[in-house]
Amino acid sequence: QVQLVESGGGLVQAGGSLRLACAASGRSFRNYVMGWSRQAPGKEREFVAAIISYGGGAQYYADSVKGRFTISRDNAKNTVYLQMNNLKFEDTAVYYCAAGLAFSRNLNSYDYWGQGTQVTVSS
């Protein structure tokens, strides 16, 4: 069982930056692929980024955030981060952290989810 708690959301102006964090409980954090997804009002939840634990920590991004967002993890702290730069109005959403045993852009493949943190970008 893995419990995930996100933090770091808030209100920021367009062009600004935020850093989200997701703290995980449990002793098997390093075994999980960690991902971030988001859900804007009236829209479906969408994949944002993911990072694997082994093999150099390969990272994967949605095209909409590539070059602006960076996912990273600290296995010693059981924490995954999402650094978001050059934020745009359309990045406004609730951001969710997730854990799964294999990488996928399909959100149904992730086994554990956090409660979400709101990111609001003002234009």
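It should be noted that the structure appears before, not after, this text.
Per chain, residues are indexed from 1 in the order of the written sequence. Two thresholds apply to this predicted model, a pLDDT of at least 70 for residue-level local features and 80 or more for giving and counting side-chain atom pairs, whereas whole-chain, interface and lining totals are computed over all residues. Computation of side-chain values: all heavy atoms of the structure, hydrogens and water removed.

Colleague: Looking at this structure, I do not really get the overall build of the protein. What am I missing?
Modeller: Along the protein, the regular secondary structure elements total zero helices and 11 strands. Going along the chain from the N terminus, every DSSP run of H or I of four or more residues is numbered as a helix, and every run of E of two or more is numbered as a strand. When the helices and strands of the protein are listed from N to C terminus, the series reads β-β-β-β-β-β-β-β-β-β-β. At 13 Å, the protein has a C-alpha radius of gyration in line with the 14 Å of a compact globule built from 123 residues. Expressed along its principal axes, the backbone C-alpha trace of the protein runs to roughly 40 × 25 × 25 Å. Buried means the residue's accessible area, taken with a 1.4 Å probe over protein chains only, is under 20% of the maximum for its type, while exposed means over 50%, and partly exposed covers the values in between. Within the protein, the proportion of its 123 residues that are buried is 48%. By definition in these notes, contact holds between two residues if any of their heavy atoms fall within 4.5 Å. Taking the intrachain contacts of the protein between residues at least 6 apart in sequence as the baseline, contacts between residues at least 24 apart amount to 57%. When the accessible surface of the protein is split by element, carbon and sulfur atoms take 47% of a total near 6,300 Å². In the protein, which carries 12 positive and 8 negative side-chain charges, the distance between the mean positions of the two groups comes to 6 Å. What the globule rule says is 2.2 Å times the number of residues to the power 0.38, and the radius of gyration is computed from C-alpha atoms. In short, Shrake-Rupley with a 1.4 Å probe defines the accessible areas, and a residue's cover is counted only from the protein chains shown. Counted charges follow a simple rule, with Lys and Arg positive, Asp and Glu negative, and His plus the chain ends left uncounted. To locate a charge, take atom NZ for lysine, CZ for arginine, CG for aspartate or CD for glutamate.

Colleague: Mind showing me how you'd approach the sheet that holds strand 8 (residues 79–84) here?
Modeller: In any sheet, the strands associate via hydrogen bonds between backbone groups, in a parallel or an antiparallel arrangement. As summarised here, the arrangement of the four strands in space is 1-3-8-7, forming an open sheet in which the pairing is antiparallel. What marks the edges here is a single partner per strand, and that holds for strand 1 (4–7) and strand 7 (69–74). Sheet twist, expressed as the mean angle between neighbouring strand axes with direction ignored, is 15°. Paired strands, as defined in this entry, are two strands with at least two bridges between them according to DSSP. Note that strand 1 and strand 3 (residues 18–24) share four bridges and pair antiparallel. Axis lines are fitted to C-alpha atoms, over the contacting stretch for helices. Their N-to-C directions set the angle, which ranges from 0 to 180 degrees.

Colleague: It is not clear to me how unusual backbone geometry should be interpreted in this structure. Could you clarify?
Modeller: Working note: non-glycine residues mostly have negative phi, and peptide bonds are mostly trans. With phi around 55°, Asn78 is a residue other than glycine that occupies positive phi space. Its place among the elements puts Asn78 in the loop between strand 7 and strand 8. One non-glycine residue with positive phi stands out, namely Asn86, at about 50°. Within the secondary structure, Asn86 sits in the loop between strand 8 and strand 9 (93–100).

Colleague: Hey, could you run me through the environment of Cys97 in this one?
Modeller: Its location among the elements puts Cys97 in strand 9. Among the residues examined, Cys97 registers a relative accessible area of 0% and is labelled buried. Sequence spacing of Cys97 and Tyr60 is 37 residues, and the spatial spacing of their C-alpha atoms is 14 Å. Excluding residues within four positions of it along the chain, Cys97 makes contact with Leu4, Glu6, Cys22, Met34, Gly35, Trp36, Val80, Tyr112, Trp113 and Gly114.

Colleague: Could you clarify how one ought to interpret the environment of Met34 in this entry?
Modeller: Within the element layout of this structure, Met34 appears in strand 4 (residues 33–39). Considering only alpha carbons, one finds Met34 and Ala49, 15 residues apart in sequence, at a separation of 8.5 Å. Not counting chain neighbours up to four residues away, the residues in contact with Met34 comprise Leu4, Cys22, Phe29, Ala49, Ala50, Ile51, Ile71, Arg73, Val80, Cys97, Ala98 and Ala99.

Colleague: Got a minute to help me understand the nonpolar core in this structure?
Modeller: Most often, soluble globular proteins have nonpolar side chains that are buried together. Nonpolar core, defined: a set of buried Ala, Val, Leu, Ile, Met, Phe, Trp, Tyr and Cys residues in which side-chain atoms within 4.5 Å join the residues together. Formed by 37 residues in total, the largest nonpolar core has its most connected members in Leu4, Met34, Trp36, Leu82, Met84 and Tyr95. Within the residue set of this core, elements represented by two or more residues are strand 3, strand 4, strand 5 (46–51), strand 7, strand 8, strand 9 and strand 11 (117–122). Apart from the residues lying within four places of it in its own chain, the contact partners of Leu82 are Leu18, Arg19, Leu20, Trp36, Val48, Ala49, Phe69, Thr70, Ile71 and Tyr95.

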